[in-house]
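# Reading the structure
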Amino acid sequence: MSMRTTRDDQWGELQTPTVGRSQALRWILLGLRYALLLALTMVFLFPFYLIIRNSLMTQPEITSFEWIWWPEEMQWSNFTDLFENSEIDMATGLRNSAIIAVVNLIFQTLFASMAGYALARIPFRGKGIFFAIILLTLMVPAAVTFVPTYVVVAELGGVNTLWGIVVPGLFSAFATFLFRQFYLDFPSEIEEAARLDG
């Protein structure tokens, strides 16, 4: 057992036993840690490998019962065929997905931040009840709201339109809850100083 010497102003030199692992055990644990991290990395990257592999294979190779690690001849034409196929309008689908994602990102952030600020900073009657109702909507499974949402959107003429997909998702109770918690933790003194400074 090795001893460690420390200096103390009152007692002088003090010797305490050092409790440490041997160098070999330390290297073994480090190796096991990296082996575990490598194994987890392979597990998480495996779906991406499958996506790339399948995108470069022919249909018979994909549906074959024999496992093929990598296609013998990579089918780069699969990507051009995807966009040239008249039955599947992939470019329009990607454009619509981008529009839905960007619009939802902007307006969910805008509405949730305003609602969260109001619930955290602005005193008004029934604020607790209003916040409880917002939290109660988190307990309703999303699948329960599919049919009523579709009925409302259909009555408003939003079937097969972008706004029929975008508008029902513009408000997020979870994002409102997160913004409210952020504003509660944010020092109100900074806001007061900003008001005084103009």
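Structure shown above.
In this report, the structure presented in the accompanying data block is examined. Treat the numbers as computed from the prediction; the structure is a model and nothing was measured.

## Looking at the overall build of the protein
Check the secondary structure of the protein and you find nine helices and two strands. For the protein, the α and β elements follow one another from N to C terminus as β-β-α-α-α-α-α-α-α-α-α. Taken over the C-alpha trace, the protein has a radius of gyration of 30 Å; the compact-globule value for 198 residues is 16 Å, which it surpasses by more than 25%. Projecting the C-alpha coordinates of the protein onto the three principal axes gives extents of approximately 85 × 70 × 35 Å. Taken across its 198 residues, the protein has 14% of its residues classed as buried. Considering only contacts in the protein between residues 6 or more positions apart, those separated by 24 or more positions represent 43%. As displayed, the protein offers around 15900 Å² of accessible surface, 68% of which is attributable to carbon and sulfur atoms. Between the centroid of the 12 positive side chains of the protein and the centroid of its 17 negative side chains there is a distance of 16 Å.

## Points about unusual backbone geometry
At Asn 160, a position not held by glycine, the phi torsion is positive, near 60°. Note that Asn 160 resides in the loop between helix H6 (146–155) and helix H7 (162–166).

## Observations concerning the pattern of salt bridges
In this structure the tally under the stated criterion is two salt bridges. A salt bridge links Arg 121 to Glu 191; its shortest N-O distance comes to 2.9 Å. Here the residue Arg 121 occupies a position in helix H4 (residues 90–121), and Glu 191 occupies one in helix H9 (residues 188–197), the gap between them amounting to 70 residues. For Glu 191, a relative accessible area of 16% corresponds to the buried category. For the salt bridge of Arg 195 with Glu 191, the shortest nitrogen-to-oxygen distance reads 3.7 Å. Taken as a pair, Arg 195 and Glu 191 lie in helix H9 at a separation of four residues, close to a single helical turn. Judged by relative accessible area, Arg 195 falls into the exposed class, the value being 59%.

## Details of the packing of H4 against helix H8 (residues 173–185)
Packing of H4 against H8 leaves a shortest axis separation of 7 Å and a crossing angle of 50°. In terms of axis orientation, H4 runs oblique to H8. Crossing hand, H4 versus H8: right-handed. Residues Thr 109, Ala 112, Ser 113, Ala 115, Gly 116, Tyr 117, Leu 119, Ala 120 and Arg 121 of H4 touch H8, and the partners they reach there are Ala 175, Thr 176, Phe 179, Arg 180, Tyr 183 and Leu 184.

## Comments concerning the side chain of Arg 180
Structurally, Arg 180 can be placed in helix H8. One buried charged side chain, Arg 180, makes no salt bridge at all; its nearest oppositely charged neighbour is Asp 185, positioned 8.9 Å away. Of the polar contacts made by the side chain of Arg 180, one reaches the side chain of Gln 181; its length is 2.6 Å. The residues touching Arg 180, leaving out its near neighbours within four places in the chain, are Gly 116, Leu 119, Ala 120 and Phe 131.

## Examining a nonpolar patch on the surface
Nonpolar side chains collect at one region of the surface, where Leu 45, Phe 46, Phe 48, Ile 51, Ile 52, Trp 67, Trp 69, Trp 70, Met 74, Trp 76 and Phe 79 lie side by side and expose about 1200 Å² of accessible area between them. Looking at the nonpolar patch element by element, the count peaks at five residues for helix H1 (residues 23–55). When you line up the elements, Phe 48 lands in helix H1. The exposure class of Phe 48 is exposed, given its relative accessible area of 53%.

## Some remarks on the environment of Phe 186
As for its position among the elements, Phe 186 is in the loop between H8 and H9. Excluding its chain neighbours within four sequence positions, the residues that come into contact with Phe 186 are Arg 121 and Glu 191.

## So, the packing of H4 against helix H5 (residues 127–138)
Running from N to C, H4 and H5 point in directions that differ by 140°, and their axes come no closer than 10 Å. Relative to H5, the element H4 is oriented oblique. Judged by the twist between their axes, the crossing of H4 over H5 is left-handed. Only Lys 127, Phe 130, Phe 131 and Ile 134 of H5 make contact with H4, whose side of the interface consists of Ala 118, Leu 119 and Ala 120. Its residues assigned to classes, the contact of H4 with H5 shows six nonpolar, no polar and one charged.

Thresholds applied
Residues numbered from 1 in each chain as written. Predicted model: local features only at pLDDT ≥ 70, side-chain atom pairs only at ≥ 80, totals over all residues. Heavy atoms only, no water. Helix = DSSP H or I, 4+ residues; strand = E, 2+ residues; numbered from the N terminus. Rg over C-alpha atoms; globule rule 2.2 N^0.38 Å. Buried < 20%, exposed > 50% of the residue type's maximum accessible area, 1.4 Å probe, protein only. Contact = heavy atoms within 4.5 Å. Areas by Shrake-Rupley, 256 points an atom, 1.4 Å probe, with all protein chains shown as cover. Lys, Arg positive; Asp, Glu negative; His and termini not counted. Charge placed at Lys NZ, Arg CZ, Asp CG, Glu CD. Salt bridge = Lys/Arg side-chain N within 4 Å of Asp/Glu carboxyl O. Axes fitted to C-alpha atoms, helices over the stretch in contact; angles between N-to-C directions. Parallel < 35°, antiparallel > 145°, perpendicular 65-115°, else oblique. Left-handed = near helix turned anticlockwise from the far one by under 90°. Polar contact = N/O pair within 3.5 Å; in protein donor to acceptor, adjacent residues only side chain to side chain. Patch = residues over 30% accessible without salt bridge, like charges linked within 9 Å, V, L, I, M, F, W, Y side chains within 5 Å. Nonpolar A, V, L, I, M, F, W, Y, C, P; charged D, E, K, R; others polar.

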